[in-house]
Amino acid sequence: MGAGKRGRPSSTPAAGFSPNGAAGPGPGSTSSGVVALHRSRMFEWKPSAVVAIAPCPCAPLFAVGYECGSLELWDMLQLVCIQTVIGPAVELTSLAWARDSVSNAWRTFAAFLDGTIAEVLWHQAAVAHSMDSYGGVVWALAASPVSAVKPGFSHVVAAACDDGSVRLFGCEGGEPGLIPERVLTRLEGRLLTVAWHAGGTMLAVAGSAGNIHLLDAVTGREHRRITAASATSRTVTVWRVLSLPDGTVVSGDSDGAVQMWDGQFGTLLQRFTQHRADVLALAATEDGANVFAAGVDSQVAMFTRVCGGEGAGTHSVESWVYTHYKRPHTHDVRALALLAVPDGSSGSGRGAVLVSGAVDAQLMAYPAKTFLQEHPHRLCKCPQRPLCQVAIASVPPPRLMVAQQDTLDVWQLAGTADPVAAAPALRSGAAGCAAGPPEGEPLELVAAPRHLARIRIRGGRIASASLSPSGRIVACTTPYGTRAYCLQSHEVNGAAAGRTLPPALERLKLPAEAEAPAIAVVATDKHLVLALRNGGLLSCNLSDDTVTVHRKAAKEPVAPSVAPYSQANAQQAWRSYCPTAAQLVAAADGSLLAAVGGQGITLYRLPDLDSLDRTLHADCAFTAAAFSHDSRLFAATTSACQLLVWEMSGVTAGGSDCIQTRWCLDNADAITAAISRLPGTPNSVSFCPATFPRCGVAQPKAVLPYRLVVNSPGGMVHFDLSCNVANTYLDLRTTGNGGTVERRKRGRLRPDQLPQPEDRPESRGSNGRVIRTVHPAVWVGHVGPADLLLLEKPWEEVLGALPPPLLTQRYGHG
């Protein structure tokens, strides 16, 4: 773990801050503001491997299961994670979607390594209704096709169990969890995979014995047995089977072979050995024309059905050919899935997107129609990033909270010399402001960073955590309850007077109802607010001995819809799976609370939880939100790269009216264009904790002298709300005075290797300048009036903490 440094000189774009309040002054303004950037890697970041991906049949949503037991729900249209659920501390093995026959809602079920099957309640952010399979570990789940479900009957889910049995479970309408129905048969070895065959009337199962069995889904009678091994001298393990619409069965085994079998006669149609190790995952397009395979060698290969010459009679002979492969992952690929999404603006057609997940925790998306022509798209540069928050109201230096898995750490950041003192000219007139310290100049450290406390949760993992503005109260919630702690500093008497010991950590006693599991938690200096799983809110007073609890009743839950697949329904399908309060944001003074959820943002007054009449809405999902330091402004970002800022002066004065700022309305297109230049979706917003009057410039009352930073996993953009946003698309063929310059040739560099417009010196000084980071930016926020904290870590260091690849690539091979 490296110590943090401020203002460290660097050749990377991340260090390119101007000595002014935003990324640069707006048109007609002078410089003032940010002079230091605190870059830190002193935190742990340990993502977990992707083991299962299951697309929702009725909407462009897909569920992702991780080895640690956590789950995520992604929206492919917005390319954003809608909801995260912290499951049990047991490895997840498989996922499946089934339809409720009463509400027509699609429900998600997960199997775990301890032999249990549970339901994932997305709008409660919980894994509930767990039951034992009575067959050992369930290695695979598969829901029958919807067309095979008879009216009035339950949707059947088949499970391949460790004891060699095939067990069927029913998703009964209105009943929680799955209902055991029957055991079809018990076969030799472990069953590792299961797929529905012949339109839902038969099952294809396989496992460690090396045989593929075709079973009657009603009687369990075996119709066909296929030996997958190419030689009888040894057996292979069949990791995955897949059934195509025409009855062809596809298998992937431990020999690295992808084999196509005739489902009627059991004969081998084609065998491919392009993979150099086990094939762990298979996927196919809806028409069965393309098959994708991946496994231990980390390559994603494509096989295509082609029509050859004419055979007997007039019918053409169909065969399979190996097309090509891509290798975007560094580790074993354990999950593949094809997701249907609306194709085109009208939504009349249906496209398909291939999604892959690997041990390197990365999710990659490939357009199935143009798999060979386009590169895969990485869905998130910071998968499973830690929960981070900074307390800036405490006595300097500020404190940093980092929560990851079952560990919560509190750090005291490094102290530096006053950046303004380093540039006395900043205190004088406008000319002095423009002089400022040189960009990227290092600052002297006056105190090293300190690790103040570590909280380790036994038997559970942290779902949400919060640090109070003073840095004294820290709270976290797990699937098993909520806890709050107080950090109390103690001075050392005697010769070492003036020095301090690490603060004592004292657990606060909460009321029984406040210790319940919650979706989100936020702590102020006086209150603790929980977003309960039933949709309600609970506020607990921590300022005195008499604990006061305020409750906000839950709103009427919105049932997930399964309307016919259309563009309008697909874009809004995510709302019914997202809680009404998935994230809580409190003002620094503890007066206001914002609950961010699927239905929008609802504002409350603390501590009584009196809700305002108006709910803030957007056409897409909100990804981050924050109050200004004086609670006058409230800002939120969306998955469409929008930045919405509301004026809260009417709310703070006792009213209920909040209006969008004029700056936001006038610069909407330029703001979206600037944020769109950031790699990834915006995931945090931070207001500057103090505002500075511009040197030598009179500030009219109508101008809002506020500054904020929006960051994504790939960089940040700084906005000054008192200036118009400059155009980030620069024409480098013209200079500022209208002259022309010739572009220097860059050899054989591709266009994407050339410096981007926002990274070039010509862009410095423009409001809304995009600053990219070389390494993943886990979190960016203010730690003082003139300081920004950038939490980053090279992805190579993250990969170094993961298990090594099972197959090492050799030069000149594949």
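Residues numbered from 1 in each chain as written. Predicted model: local features only at pLDDT ≥ 70, side-chain atom pairs only at ≥ 80, totals over all residues. Heavy atoms only, no water.

- The name an unreviewed UniProt entry gives the chain is Anaphase-promoting complex subunit 4 WD40 domain-containing protein, with Volvox africanus as the organism.

Here we look at the sheet that holds strand 55 (residues 715-720)
Then, in step 1: Strand order across the open sheet formed by four strands is 53-54-55-56, with antiparallel pairing between neighbours. Both edges of this open sheet fall to strand 53 (684-687) and strand 56 (770-772), since each of them pairs with a single strand only. Averaged over all pairs of adjacent strands, the angle between their axes in this sheet comes to 20 degrees, without regard to strand direction.
Then, in step 2: Bridging between strand 53 and strand 54 (residues 707-712) involves four bridges; their strand directions are antiparallel. (Pairing = 2+ DSSP bridges. Helix = DSSP H or I, 4+ residues; strand = E, 2+ residues; numbered from the N terminus. Axes fitted to C-alpha atoms, helices over the stretch in contact; angles between N-to-C directions.)

What about the pattern of salt bridges?
Then, in step 1: Inspection of every chain in the model, using the stated rule, returns 17 salt bridges.
Then, in step 2: A salt bridge links Glu119 to Arg107, with the nearest nitrogen and oxygen atoms 2.8 Å apart. Of this pair, Glu119 sits in strand 9 (residues 116-121) while Arg107 sits in strand 8 (residues 106-112), and the two are 12 residues apart along the sequence. Summarising the burial analysis for this pair, Glu119 and Arg107 share the class buried.
Then, in step 3: A salt bridge links Arg632 to Glu647; the nearest nitrogen and oxygen atoms lie 3.0 Å apart. Placement of the pair is Arg632 in the loop between strand 49 (622-627) and strand 50 (633-638) and Glu647 in strand 51 (residues 643-647), with a sequence separation of 15 residues.
Then, in step 4: One network of salt bridges, with partners in common, ties together Glu44, Asp409 and Arg454. (Salt bridge = Lys/Arg side-chain N within 4 Å of Asp/Glu carboxyl O. Buried < 20%, exposed > 50% of the residue type's maximum accessible area, 1.4 Å probe, protein only.)

Some words on the packing of aromatic side chains
Then, in step 1: Under the counting rule described, the total for this entry stands at 10 aromatic pairs.
Then, in step 2: Seen from their ring centres, Trp663 and Phe719 are 6.0 Å apart, and the 70 degrees between their planes marks the pair as edge-to-face. Of the two residues, Trp663 sits in helix 4 (residues 662-666) while Phe719 sits in strand 55, which places them 56 residues apart along the sequence. Across the pair, Phe719 and Trp663 agree in class, each one buried. (Phe/Tyr/Trp six-rings, centres within 6.5 Å; stacked < 30°, edge-to-face > 60°.)

Notes on helix 5 (residues 668-676)
Then, in step 1: If you check which residues of helix 5 are buried, you get Ile671, Ala673, Ala674 and Ile675.
Then, in step 2: Packing partners of the buried residues in helix 5 comprise strand 51, helix 4, strand 54, strand 55 and strand 56. (Contact = heavy atoms within 4.5 Å.)

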